[in-house]
Amino acid sequence: MNHRNCLTCGESLTGRTDKKFCSDHCRSTHNNQRNAQANRIVRTVNRILAKNRRILEQLNPNGQTEVTSQKLLLAGFDFRYYTTAKTIRGTASRFCYEHGYRPLRNNKYQLLITDEEL
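Here the structure is a predicted model, which means the values were calculated and not measured. (Residues numbered from 1 in each chain as written. Predicted model: local features only at pLDDT ≥ 70, side-chain atom pairs only at ≥ 80, totals over all residues. Heavy atoms only, no water.)

## Considering the sheet that holds strand S5 (residues 108–113)
Put simply, the rule is: For two strands to pair, DSSP has to find at least two bridges joining them. Numbering of helices and strands runs from the N terminus; a helix is a DSSP stretch of H or I covering at least four residues, while a strand is a stretch of E covering at least two. Lines fitted to the C-alpha atoms define the axes, with helices restricted to the stretch that makes contact. Angles between their N-to-C directions range from 0 to 180 degrees. Here a residue-residue contact requires only that any non-hydrogen atoms of the pair lie within 4.5 Å.
Strand order in the open sheet formed by five strands is S1-S5-S4-S3-S2, with antiparallel pairing between adjacent strands. Each edge of the sheet is formed by a strand with only one pairing partner; in this case those strands are strand S1 (66–68) and strand S2 (84–88). Taken pair by pair, the neighbouring strands of this sheet meet at an average axis angle of 35°, ignoring direction. For S1 and S5, the ladder comprises three bridges, and the chain directions are antiparallel. Within S5, the residue paired with Val-67 across the bridge is Tyr-109. Here helix H2 (residues 36–59) sits on the sheet and contacts strand S3 (91–96), strand S4 (99–103) and S5; the angle it forms with S4, its principal contact strand, is near 75°.

## Thoughts on the packing of aromatic side chains
Note the threshold: Classification of ring pairs rests on two measures: the distance between centres of Phe, Tyr or Trp rings, Trp counted by its six-membered ring, which must be within 6.5 Å, and the angle between planes, read as stacked under 30 degrees, edge-to-face over 60 and tilted in between.
Scanning the model with the defined rule gives five aromatic pairs in all. A ring pair is formed by Phe-79 and Tyr-101, whose centres lie 5.5 Å apart and whose planes are at 85°; its orientation type is edge-to-face. Of this pair, Phe-79 sits in the loop between helix H3 (69–74) and S2 while Tyr-101 sits in strand S4, and the two are 22 residues apart along the sequence. When the centroid spacing of 5.2 Å and the interplanar angle of 35° are considered together, the rings of Phe-79 and Tyr-109 count as tilted. Here Phe-79, found in the loop between H3 and S2, pairs with Tyr-109, found in strand S5; they are 30 residues apart in sequence, far enough to count as distant.

## Considerations on H2
The condition is simple: To estimate how far a helix should extend, the number of its residues minus one is multiplied by 1.5 Å. The buried label applies to any residue whose accessible area, calculated with a 1.4 Å probe on protein chains only, is under 20% of its type's maximum; exposed applies above 50%, and partly exposed to all values in between.
For H2, spanning 24 residues, the distance from its first C-alpha to its last is 35 Å, which sits close to the expected 34 Å at 1.5 Å a residue. Listing the buried residues of H2 in full gives Leu-49, Asn-52, Ile-55, Leu-56 and Leu-59. Its buried side turned inward, H2 meets H3, S3, S4 and S5.

## Concerning the side chain of His-99
As a reminder, the rule being used: Under this definition, polar contacts are N or O atom pairs within 3.5 Å; protein pairs additionally need one hydrogen-donor-capable and one acceptor-capable atom, and for neighbouring residues in sequence, both atoms have to be side-chain atoms.
Topologically, His-99 is positioned in strand S4. Exposure remark for His-99: the relative accessible area of 4% places this residue in the buried category. Of note is the side chain of His-99, whose polar atom sits 3.3 Å from the side chain of Glu-98. Excluding anything up to four places from it in sequence, His-99 contacts Arg-53, Leu-56, Glu-57, Arg-94, Leu-112 and Ile-113.

## Remarks on the confidence of the model for the protein
The line we're drawing: Confidence of the predictor in every single residue is expressed as pLDDT, which spans 0 to 100.
Residues at a pLDDT of 70 or more form 97% of the protein, whose mean pLDDT is 92. Predicted confidence in the protein is weakest over S2, with a mean pLDDT of 88, and strongest over H3, with 97.

## A look at the pairing of S4
Along S4, four of the five residues are buried, which leaves the element largely enclosed by surrounding structure. Pairing geometry for S3 and S4, over three bridges, is antiparallel. When the sheet's bridge partners are listed, Cys-96 is paired in S4 with His-99. The loop that links S3 with its antiparallel partner S4 comprises two residues; one of these, Tyr-97, has a positive phi angle of about 65°. Where S4 lies against S5, five bridges are found, and the strand directions are antiparallel. Bridging across to S5, Arg-102 finds its partner in Gln-110. Between S4 and S5, which pair antiparallel one after the other, the connecting turn spans four residues, and Asn-106 there sits at a positive phi close to 60°.

Structure (structure tokens):
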């Protein structure tokens, strides 16, 4: 008979021959550790997207505000992260969920809000 140990804590296993963990806690701990790096990346990106959305929302209370790139950057906006890219009025626009922006001239951006599902 094969002697098996829990993959998390090393405790001796009894029962089914394909059992890998001694408890639900050990199984959960093992899977959380295995997925930690991927989850960390997702949490980081989600946090940046939420911050970008919040900045766009705060700077655009009326729905058609123009702001400079400097103002967005000073607020902590990160242009590398967005959820959707669309062409609106012939210009590439970027959205963080329903709040977006499109470039204008002279380092200015028009802030947008859409009620469409993106």
